[in-house]
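Take a look at the letters that make up each chain.
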Amino acid sequence: MDGPIIQINSLVKRYGKNTAVDHLDLEIGKGEIFGLLGPNGAGKTTIILTMLGLSEPTSGTVTVKGHNSTSEPIKVKKFTGYLPDDVGFSGNSTGLENLVYTAMLNGIPRQEATDSAEELLDLVGLHEAGHKKTKTYSKGMTQRLGLADVLIKEPEIMVLDEPTIGIDPKGINEFLDLIRNLSKEKDITVLLSSHLLHQVQKICDRVGILVKGKLLAEGNVGDLAKELFGDKETSITAEVSPITDNLVQALSRQEAITEIRQNGEVINMKGSREIAPVISQTIVQNNAKLYRLSYKEYGLDEIYQHYFEGGTSDV
Amino acid sequence: MSDIVRPFWVMVEKEIADHVRSWRFIILVALILLTTTGSIYTVLAVIQQHPAQLSAHSHFLYLKLFTKSTNNLPPFITLIGFLGPLVGIALGFDAVNSERDNGTLSRIISQPIPRDYFINSKFIGGLTVIVSLVFALGFLVLGLGIIYIGLPPAFSEFVRVLVFLIFTCVYIAFWLNLGITFSILFRQSSTSALSALAIWLFFTVFYSMLVRFIISAFYYRRIVAQPVSQMLSRVSPNYLFHELTTILLNPSIRSLGGLSFRQMSGAIPSTLPLGQSMLLVWPDITALIAATLICFGISYVLFMRQEIRAN
């Protein structure tokens, strides 16, 4: 499909004097996994609720597949599955009954709904538990049932609000892999919000960083790092033995290295990323043994910190 | 298309199933069944053994099943007037806030249904349960009566009982709506339950005392005080229900207020037809229906305006 499937145009949402979302523009393409990152209270849930027509924007529009979320919420909700951050099920019914109920709200006949609910329970690994009451479920099981609940309406878009909250680390990986595979298999667009960086980094095609209702940056993780730190120096660490004065001097003669400091068994240097081969060559030429040469990779952690520590200060 | 159930009725069905399976509903029904059976049984025993004790001329015997009592057990209408609101409150007080707490509200609302389906299904589901309960109870009483007395009820009696049952439903629906309104206003179901119960207690126990106090403080002449006291009392839905049912089930009552000797002169001491009885309580009927609808209207508006997010 051409054109973005989700389009947000200068969205503003105020709660009293408090601005939750501030002139936000965002486009998400079909089949993409987009991660909405931000600390608690950044406005992630507000954006999602507005997208589903569950909350009215103060100004601006959200268009999903050509339908305005505020004026045509039912059309939008037909092909959008939403997993709320505090998802729950009616505890006295079984997982299967809960899924069938959701399916029937989407106009799927009971028999058909039961069949696809069984299939989905297998898919999310709740085959056994599907016939137990949901009040006996653990948080991880509830989240997986929530994913099945989103999938049963055969959505084109999945909106997952903090999907990994309350799941143990091993479960998180399985859960995220499941989401990624589903998205790629069925060409489902995924919008997922999180305040946990590493997970999002792993499965997202693109991320947006949201602070105080403003989208500070967007792009894929690599691009973001380059954009932020590309022209800055990287810190390079070399573990060398033995460290001789000659070696240090030889290294400091290299113009690419701007700073050099010996620290016990290691030498810390600063410079651009491209100097790594030069360093290793110099070390070998000085008859020293190189055990480790590493430079600091800028990931989401650094990106995150960069933005959050600086608050809303300009980049 | 034929086997697709409309989402709204799916929701209503779910509501009803949840109510009927819940312990609190089962306990309340058991309580009502116990007390009303006791009350009806004692009346029936009297009818069987000493019919003269109840009434010299046994017109409208079946209506007496609902209104008369012996052996300290209150009559059916009093019991229903007392326990009915409890059923309504029990069905409504956590309608919205418990779904919010469980995280089911945002999930259901994000399905392709209009937002008001949620609140409407709460009301219709609760109402269906109430109507089934009240009519089942009423017909059980009639059936018991037929078994014991051996005579079928007269048609006019039957119609009066039907009308009485319908307004019992309206009355309980008022408390259901009050409960639903509180469940939207208060985030905690215990708060909303206590508030609804406080209002119920106020109207059943304290309101009549308050009215008496006000009247005795401001009016010396009984002739002036009577209409004022009646007006004040009619603010209470309990009083409305009491007045309404008493008139409907006692065809011999001719007026709500006092009648002067002049008005009484020449009157034939007979019973009123149903139409005339209803005319007598027409203001009560309108007020009760209006209170129920207003309460629902408030809950509807509150719900539609409320933010979905939990915090």
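What counts and how
- Residues numbered from 1 in each chain as written.
- Chains lettered and ligands numbered in written order.
- Predicted model: local features only at pLDDT ≥ 70, side-chain atom pairs only at ≥ 80, totals over all residues.
- Helix = DSSP H or I, 4+ residues; strand = E, 2+ residues; numbered from the N terminus.
- Rg over C-alpha atoms; globule rule 2.2 N^0.38 Å.
- Buried ≥ 20, exposed ≤ 12 C-beta atoms within 10 Å, placed from the backbone.
- Contact = placed C-beta atoms within 7 Å.
- Expected span 1.5 Å × (residues − 1).
- Bend = angle between axes of the 7 residues up to and from the residue.
- pLDDT = per-residue confidence, 0-100.
- Nonpolar A, V, L, I, M, F, W, Y, C, P; charged D, E, K, R; others polar.
- Domains from an automatic or database assignment.
- Pairing = 2+ DSSP bridges.
- Axes fitted to C-alpha atoms, helices over the stretch in contact; angles between N-to-C directions.

(A) Main features of the overall build of chain B. When its secondary structure is counted, chain B shows 15 helices and 0 strands. The C-alpha atoms of chain B give a radius of gyration of 22 Å, which matches the 19 Å a tight globule of 311 residues would have. Each principal axis of the C-alpha atoms in chain B carries an extent, and together these give about 65 × 55 × 35 Å. Residues counted as buried form 37% of the 311 residues belonging to chain B. By sequence separation, contacts in chain B at least 24 residues apart represent 81% of the contacts at least 6 residues apart.

(B) Structural detail: helix 5 (residues 76-92) of chain B. All names here are of chain B. Compared with an ideal rise of 1.5 Å per residue, which puts 17 residues at 24 Å, helix 5 spans 24 Å between its outermost C-alpha atoms and is within 8% of the ideal. Leu 83 marks the point of greatest bend in helix 5, at about 30 degrees, and the proline Pro 85 comes within the next four residues. The buried count for helix 5 comes to 13 of 17 residues, which makes it a mostly enclosed element.

(C) Summary view of unusual backbone geometry. All names here are of chain A. In this chain, Ser 241 is followed by Pro 242 through a cis amide linkage whose omega measures -5 degrees. With respect to the helices and strands, Pro 242 occurs in the loop between strand 11 (234-241) and helix 9 (245-253). Notably, Glu 154 is not glycine yet its phi reads approximately 50 degrees, a positive angle. Here Glu 154 lies in the loop between helix 5 (139-151) and strand 7 (157-161).

(D) Geometry of the confidence of the model for chain B. Taken residue by residue, chain B gives an average pLDDT of 86. The fraction at 70 or more is 90%. Scored as a complex, the prediction yields pTM 0.84 and ipTM 0.83.

(E) Up close: the environment of Ser 132 of chain B. Residues and elements named next belong to chain B. Looking at where Ser 132 falls in the secondary structure, it is placed in helix 8 (residues 116-149). Taking the number of C-beta atoms within 10 Å as the measure of exposure, Ser 132 has 13 and is therefore partly exposed. In this structure the C-alpha to C-alpha distance between Ser 132 and Cys 169, which are 37 residues apart in sequence, comes to 9.3 Å.

(F) Broad picture of the interface of chain A and chain B. The interface is formed by 24 residues belonging to chain A together with 23 residues belonging to chain B. When contributions to the side of chain A that touches chain B are tallied by element, the ones reaching two or more residues are helix 1 (44-51), helix 2 (73-78) and helix 3 (95-105) of chain A. Here the side of chain A that touches chain B is composed, by residue class, of 12 nonpolar, 8 polar and 4 charged.

(G) Spatial organisation of the domain arrangement of chain A. Examined at the domain level, chain A breaks down into domain 1 (6-227) and domain 2 (231-295). Spacing between the C-alpha centres of domain 1 of chain A and domain 2 of chain A amounts to 46 Å.

(H) View of the sheet that holds strand 10 (residues 214-219) of chain A. Residues and elements named next belong to chain A. Reading across the sheet, the 6 strands line up as 6-7-8-3-9-10 and stay open at both edges, with mixed pairing between neighbours. Two strands lie at the open edges of the sheet, namely strand 6 (80-83) and strand 10, each paired on one side alone. In this sheet, neighbouring strand axes are inclined to one another by 15 degrees on average, regardless of whether the strands run parallel or antiparallel. Note that strand 3 (residues 33-37) and strand 8 (residues 189-194) share 5 bridges and pair parallel. In the sheet register, Leu 36 faces strand 8, and the bridge partner there is Ser 193. Where helix 1 meets the sheet, it contacts strand 3, strand 7, strand 8 and strand 9 (206-211), and its direction lies at approximately 150 degrees from that of strand 7. Running at roughly 165 degrees to strand 6, helix 5 makes contact with strand 6 and strand 7 of the sheet.

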